[in-house]
Structures are given as C-alpha cells and as structure tokens.
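# Working through the structure, step by step
Single-letter residue listing:
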Amino acid sequence: MSSDIDTAHGDIYGIGQWGSGLVTILENGHIGLCHPFDPDSTPTDLRHIVENLQQRGITTPVLLRVTDFLKYRIDEINQQFSLAIKELGYQGRYQGVFPIKVNQQAEVIDRIAEYGHEYRFGFEVGSKAELLIALSLDLHAETAIICNGIKDSEFLELAIMSLQLGFNTFIVLESPRELELVLDAVSGTDIRPQLGMRIKLTNTVSGKWADSSGDRSTFGLTIAQIMDVVNRLKQTGYLDCLILQHSHLGSQVPQIIEIRKAAQEACQFFTELRREGVPLRYLDLGGGLGVDYTGEHTASANSINYTLQEYCLNIVETVKDIMDENDMPHPVIVTESGRACVAQSSMLVFNVLDATHYDSDKKVIAAEDDHPLLLKMLDIQSYLTKDRIQECWNDMKYYRDEARALFRRNQISLAMTARIEQAYLYMMNHIKALLKASDNTTEDVQQALFQLADIYHCNFSLFQSLPDIWAIDQIHPIAPLQRLDEPAERYAILSDITCDSDGKIDQFILSDGLSSILPVHDLNEQDDYYIGVFFIGAYQETLGDLHNLFGDTNVVTIGLLEEGGFEIIKEQDGDTIHEVLSYVEYEPKRLINAFKAIVESAVKKGRLSPAERRRMIKCYTDSMNGYTYFEHQES
Ligand SMILES: Cc1ncc(COP(=O)(O)O)c(C=O)c1O
C-alpha cells in the first residue's frame, strides 16, 4: 500500500506533485511504481526491483523502462483526443504519430507500434535511417508514416516505393528543391505520391525551444515559397497529391494560450490553401505537448500550465471553429507528440559511491602551542548564534584563508594548517545545524546551504544518460529510492564519475520549488543508497555520448504486475569496455596483445613472476569485457 504521500516526511521531493499517479511513496519509505491501469493495486517497490536485478547480475546504473507507463500515455493521448472530438462534435478524426527521433530504441518503437495499433498511431521519421525503421514495422494500412526533415533523392525514392508496398506514407516538402526531386522520381510512372507541405508559422512560442518556432525556425517553407510550390504542383498536374499541411507548433510549449494561437495560425494557412484549390485533408500540428517535469503546473520551462485534456480540447475547438467559420470540412488532426508519449516511461537508477563532506563532527581542542588563527577560529563558538550566522561564517572563512596564505608562503606547517582546516569543518557543522533550525529561508541562507552541501559521487555519466541536464539545464525529478520515512539530514549536489567538472547535477525540484541542493540521507556501509532520476524516456538515450568512454548503461524493460511485483520483459546489457573502445577506432584484440607483450618483457627482465603475469593479463582482459561503470560491490 502507498502511504499518504503528503505526510511522508512532508514529501520533500515533491513526488505527490510530479509523480502523476505513477510514482509514489510506500509505507516502508521506499519509492513505489503504481500500476496506471489499476490505481488501487499494490504499487511495486522500486528499490526491490533494483535489488532483484542486482541479484540477477544486472547492476546499476540501470535504465528502467516501464511498458505500462508507455501504454498508458499512448492510450491517454488517443483517448483524450477522441473524447474532445466527441464532446465538441468534431466531424474529423485524430491520428497521431510518434517522432522516432525522440526515442529510437528498438524495444520502445516496437512497443509503440504494438500499443498504438488500435489507434492507427503511426511514426514521424526525420531521416533515411528512421524511415528504414518504420518500414520494418508491421503497420496497419491506415497508420501514417510522416517523412519530415531534409531529404535526398534516395530518401524520397524509399518513401515513394513504400506506397506501392501498402504503407500510408506522406512526404512533407521542406523546400521547393524537394518538390523537384519528387517530381523527378515519379515522372514517367503512374505513382501519385501523398504530399505534405511544411509551413513555417510566424507565431513564436516561449520555453526552451522557442527557436524552433517563428520566422527564423530552420525548417519549412516561407509564405512566398508556399505559393511557388502550389503553382508548380498545379502546373505539373500533381496538386491533388498535396493533402497534408504540417505546422510544427514547437516543443515543450509551457502555455496553453500559445498552443491555441499557433493552431489558429496553422488553420489560417489551411483554409487559405484550400481556397487556392489545394485539397488538404490532414492538418499536422507537430510537437509541443509538454511534460510537467516539476509538477508545478506553471508556464515555465520545465512545466506546463495545462493538462492533456485541455491540450486536446483546445486544439480540437480551435480547428473546428475556424473550419466552421470558413465553411470547410473538418480535417484529420495529426500531432507528433514525442516527449509526452515516452518521457515518463523511463528512469535511471544509480548507486552513490562516496561522499565529500564540507563539515565534520570531529572536535578540535585547542592546545598551548596552537597558531593564533586556530585559536581565533575556535573562539567563534563563543558568539555563534542564529542571529550572527553570517558574521561567524565570514570570520571562519577569513581565518581559514589567512592560514592558507601563510601556508603558501611557508610560514605555517602542514600539520597546523590541517588543524585549522579541521576546525573550520567542525565549525561548519555547527553552522549547518543552526541554519537548519532557522526558519529564515532567504536567498542568502539558501546560498550558504549550497556552499556547505556535500558532494555525493554517483555511479553514472551525465553526458551518457542525462545529456539535457548538461546541455540545456533540463530538470528531471530526482529522489532517493529509500529512507523516505526518515528525515533527510544532509544536503548534497550529485556528481557523476566522468572526470569533468560539468558532470554534476545541482538543480532539483522539491515540494517547495526549485533548489540547488538535494536533501539526502547519511550513507552507511551496510546499505547501498540508490537515487532515481525520473521521466527520462524522451531524447536522453540517443543524445547521450561517450565522454570518458562511459557507454550505454544496462537497460531493463519491465511490466508491472497488478498484484504488485514485476516481470522482466527484456534486458539489454550495457556496453562493455571493448565495445566502447571499438567505437573510437581501437581494436581490443590488438590492445590485449600489446599489453601481453609489455607484461612478457617485464617477465623476461625478471621484474614479474609468470604467476603475476597471468594475474595481470586476466585483470586486463576481464576489464576489457566488463561494464564501463563501477561494478557493484556486494555490501
Ligand atoms: C517536426 C517535429 N515533430 C515533433 C517533435 C516532437 O516534439 P515533442 O517531443 O515536444 O513532442 C519535434 C521536436 O522538436 C519536431 O521537430
């Protein structure tokens, strides 16, 4: 059973806000995953899942995909559009597509094809490789494949051929040049391609992807080019093939009003083009449906101020009203929601390896021959109160910096400098306790807490698994998987295991808003401490890179059981070191042979025994075949 989420130590991580009914806190203080199709069923303990995987040899860091979450989102998107269509008396239908670029992993795409089958939910492809994926799927004849992006003649030829195979493929023209390539490909044949036209909207939306909207967006036809394309199609006798208008509204659009305005402009083009005689039947509004990563329900970069239901109603109503005003039939509404489909279905779980503390409870007792700076530092205790925190802290920093300066000038010994540093950490401990007890939450105090925060060193690579945190300050919900029924006594930022100072997370969503530090529990030797990063199913897997040669993590796809518990649907081992080395042009066999030669020469010189040689070579080859991350040590 899940506990009352609001009362579990105040739900400091805001799980009740962002959990979307999928993630909860259990009575044992662990995070639970809820079955989306049966909210009354027993949630599955996420920590138990991780321990169970560990026992099977599937170690952290591990990317966990929950198929039920994916199916739930596909159902929701399709059903909410159906409901809106019914409620508003819309005469057309909805037909969504999933943009493959948002998560190209085979297991995810196969699931989307399966779960989307009943809705004729299709795929948007932006490259030849993505088209090849779509053409390998067993799709219903009405399921759409929408080809966006810059296309060469091979891409177009494949798309045209696919029509002959019974695929419902649309070629969206991004430029007049592409039209000429299509005309070349079909001339002399009786093939009638299904064409679309990507139109740049002048409307801009806010949020992180504002640049993908408006006049200066990189894709699509300008107003002037639209008429050129229409006239060329008329002239060549292919105007009847132009049946789809694509107008991408943006990505992670924070405000519903912006969705409405952009949809209005798209409809304006649609009705005008129909007046020009273009037989448009499909209105594709692209992406834009956001995910409430922070659960704040506000119009901000990592949140949205609308629900899925509102999004569907707003779109259907806008299209209906404008078509009715213009006395035109209602088109098929297409959207290309990527992140809203997949973001919530994946999470990354890693273990904390170690912590660096910026305080200490090891008391420093003044001795007679101690340096005056140390005595002054210790004297701060005599005036340290809640009201004088800032003053005490200023003094401590001054004495410590003075000591460091003396050390650099060889005027104080290493041993004495170490005592002063230790006294500083000990005083920090006092300051931290006072700050926590203080209900003053000013910027200054926040800043002070941040500077005192621990660094928790975690077994993952930000660049491989969470690239958007690094590249665009994306915020994902983050919480420990356990001990949520205990007060989190410490604060930390999370650092990854790459040798890059950018490899850290210092933006978190908590129940009372954004924070630069994460409340965490003290580590103990007996028990692994796991942290989960949630809602990472969109974009993260393929944008990740091999910084420091940390490769793909282990990936496990699970299904939740209604009686609680889980089943493994698929597991995919993470990259081995030899795999990542071959990605960067090394031949592992050659490396092993080179190492063998070095070891053998040491044996010849009498520096190593034959037994040591065997041990060293085994160690080298085992590493070569092992995981790129820290291998799990049984605790
Ligand atoms: C043409 C197109 N369609 C769909 C999407 C998916 O957007 P989102 O993931 O926000 O739904 C994008 C992403 O920017 C896009 O460029």
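On a predicted model such as this, the values are computed, not experimentally measured, just so you know.

Conventions used here
Residues numbered from 1 in each chain as written. Predicted model: local features only at pLDDT ≥ 70, side-chain atom pairs only at ≥ 80, totals over all residues. Heavy atoms only, no water. Helix = DSSP H or I, 4+ residues; strand = E, 2+ residues; numbered from the N terminus. Contact = heavy atoms within 4.5 Å. Areas by Shrake-Rupley, 256 points an atom, 1.4 Å probe, with all protein chains shown as cover. Lys, Arg positive; Asp, Glu negative; His and termini not counted. Charge placed at Lys NZ, Arg CZ, Asp CG, Glu CD. Near = heavy atom within 4 Å. Polar contact = N/O pair within 3.5 Å; in protein donor to acceptor, adjacent residues only side chain to side chain. Nonpolar A, V, L, I, M, F, W, Y, C, P; charged D, E, K, R; others polar. Pairing = 2+ DSSP bridges. Buried < 20%, exposed > 50% of the residue type's maximum accessible area, 1.4 Å probe, protein only. Axes fitted to C-alpha atoms, helices over the stretch in contact; angles between N-to-C directions. Parallel < 35°, antiparallel > 145°, perpendicular 65-115°, else oblique. Left-handed = near helix turned anticlockwise from the far one by under 90°. Salt bridge = Lys/Arg side-chain N within 4 Å of Asp/Glu carboxyl O. Phe/Tyr/Trp six-rings, centres within 6.5 Å; stacked < 30°, edge-to-face > 60°. Expected span 1.5 Å × (residues − 1). Domains from an automatic or database assignment. Disulfide = S-S within 2.5 Å. Core = buried A, V, L, I, M, F, W, Y, C linked by side-chain atoms within 4.5 Å. Patch = residues over 30% accessible without salt bridge, like charges linked within 9 Å, V, L, I, M, F, W, Y side chains within 5 Å.

## Quick look at the overall build of the protein chain
Per the secondary structure count, the protein chain includes 21 helices and 23 strands. Across the protein chain, contacts joining residues at least 24 apart in sequence account for 75% of those joining residues at least 6 apart. For the protein chain, the accessible area works out to roughly 27,900 Å², and carbon and sulfur atoms hold 49% of it. In the protein chain, 54 side chains carry a positive charge and 94 a negative one; their mean positions are 6 Å apart.

## Quick look at the site of the ligand
The local shell around the ligand holds 16 residues, among which Ser251, Glu336, Gly338, Arg339 and Tyr539 are the closest. Gly338 is positioned such that a nitrogen or oxygen atom in its backbone is 2.7 Å from an oxygen atom of the ligand. One nitrogen or oxygen atom from the side chain of Tyr539 is found 2.6 Å from an oxygen atom belonging to the ligand. Calculation on the ligand without its partners gives an accessible area of 400 Å², and the protein chains cover 91% of this total. Of the residues in the shell around the ligand, the class split is two nonpolar, nine polar and five charged.

## Quick notes on the sheet that holds strand S2 (residues 31-33)
With antiparallel pairing, three strands are arranged side by side in an open sheet as S1-S2-S3. The open sheet has two edge strands with one neighbour each: strand S1 (23-25) and strand S3 (44-45). When S1 meets S2, the two strands line up antiparallel, connected through three bridges. If you follow Ile25 over to S2, its bridge partner there is Ile31.

## Here's the deal with the environment of Gln105
Assignment of secondary structure puts Gln105 in the loop between strand S5 (97-99) and helix H4 (106-116). A relative accessible area of 27% means that Gln105 is categorised as partly exposed. Remark: the alpha-carbon pair of Gln105 and Asp240, spanning 135 residues in sequence, is separated by 36 Å. Setting aside residues up to four positions removed in sequence, Gln105 forms contacts with Arg65, Glu541 and Thr542.

## Brief notes about unusual backbone geometry
That bond from Thr60 to Pro61 is cis: its omega, 0°, falls within 30 degrees of zero. Turning to its location among the elements, Pro61 is positioned in the loop between helix H2 (46-55) and strand S4 (62-66). Even without glycine at this site, Arg483 takes up a positive phi of about 65°. Summarising the element assignment, Arg483 is placed in the loop between strand S15 (478-480) and strand S16 (490-495).

## Some words on the sheet that holds strand S10 (residues 242-246)
Taken in spatial order, the eight strands line up as S5-S6-S7-S8-S9-S10-S11-S12 in an open sheet, and their pairing is parallel. Edge positions in the sheet fall to S5 and strand S12 (332-334), since each has one partner strand and no second. Across this sheet, the average inter-strand angle for adjacent strands is 25°, counted without regard to direction. In terms of strand pairing, strand S8 (residues 168-173) meets strand S9 (residues 195-198) through three bridges, oriented parallel. Bridge pairing links Ile171 to Leu195 in S9.

## A word on the packing of helix H6 (residues 153-164) against helix H7 (residues 176-186)
Interhelical geometry of H6 versus H7 gives an angle of 55° and a closest axis separation of 10 Å. Looking at the two axes, H6 sits oblique to H7. Between H6 and H7 lies a crossing whose hand is right-handed. On H7, the residues touching Ser153, Leu156 and Ile160 of H6 are Glu178, Leu181, Val182, Ala185 and Val186. For the contact of H6 with H7, a count of residues per class yields six nonpolar, one polar and one charged.

## Things to note about the pattern of salt bridges
For the structure on display, the rule yields 28 salt bridges. Between Glu51 and Arg47 there is a salt bridge, and its shortest N-O distance comes to 2.8 Å. Remark: Arg47 and Glu51 occur in helix H2; sequence separation between them is four residues, near one turn of the helix. Arg47 sits in the buried class, given a relative accessible area of 4%. Here the residues in one salt-bridge network are Asp359, Lys432, Asp454 and Arg490, joined through shared partners.

## What to know about the packing of aromatic side chains
Inspection of every chain in the model, using the stated rule, returns 14 aromatic pairs. Aromatic pair Phe81 and Tyr311: ring centres 6.1 Å apart, planes at 75°, arrangement edge-to-face. One end of the pair, Phe81, is in helix H3 (residues 67-88); the other, Tyr311, is in helix H10 (residues 308-325), with 230 residues separating them in the sequence. For the pair shown, Phe81 and Tyr311 are each scored as buried.

## Thoughts on helix H9 (residues 256-275)
Its 20 residues place the ends of H9 29 Å apart at the C-alpha level, agreeing with the 28 Å of an ideal helix rising 1.5 Å per residue. Regarding H9, the residues found buried are Ile256, Glu258, Ile259, Ala262, Ala263, Glu265, Ala266, Cys267, Phe269, Phe270, Thr271 and Leu273. Buried residues in H9 make contact with S9, helix H8 (223-236), S10, strand S11 (282-284) and H10. One or two steps after H9, the chain reaches Gly277, where phi turns positive at roughly 95°.

## Considering the domain arrangement of the protein chain
Partitioning the protein chain into domains gives domain 1 (67-346), domain 2 (372-448) and domain 3 (578-624). The distance between the C-alpha centroids of domain 1 and domain 3 comes to 53 Å.

## Describing the state of the cysteines
The final tally for this structure, using the stated rule, is zero disulfides. Not part of a disulfide, Cys499 finds its nearest cysteine sulfur in Cys458, a span of 15 Å. Free cysteine: Cys619, not disulfide-bonded; nearest cysteine sulfur from Cys499 at 18 Å.

## Some remarks on the nonpolar core
Ranked by internal contacts, the top residues of the largest apolar core, which has 145 residues, are Tyr311 and Leu494. Considering every element that reaches this core, the biggest residue donor is H9, with nine residues. Aside from chain neighbours lying at most four places away, what touches Tyr311 is Phe81, Ile256, Ile259, Leu289, Tyr306, Thr335 and Ser337. In this structure, Leu374, Cys392, Met427 and Leu434 belong to the second largest nonpolar core, which totals 26 residues.

## Description of the environment of Leu179
Position of Leu179 among the secondary structure elements: in helix H7. For Leu179, a relative accessible area of 1% corresponds to the buried category. C-alpha of Leu179 to C-alpha of Arg232: the two residues are 53 residues apart in sequence and 8.6 Å apart in space.

## Examining a negative patch on the surface
On the surface, Asp552, Glu571, Asp573 and Glu579 cluster together to form a negatively charged patch. By secondary structure assignment, the location of Asp573 is in the loop between strand S23 (566-572) and helix H19 (577-583). By relative accessible area, which is 58% here, Asp573 ends up exposed.

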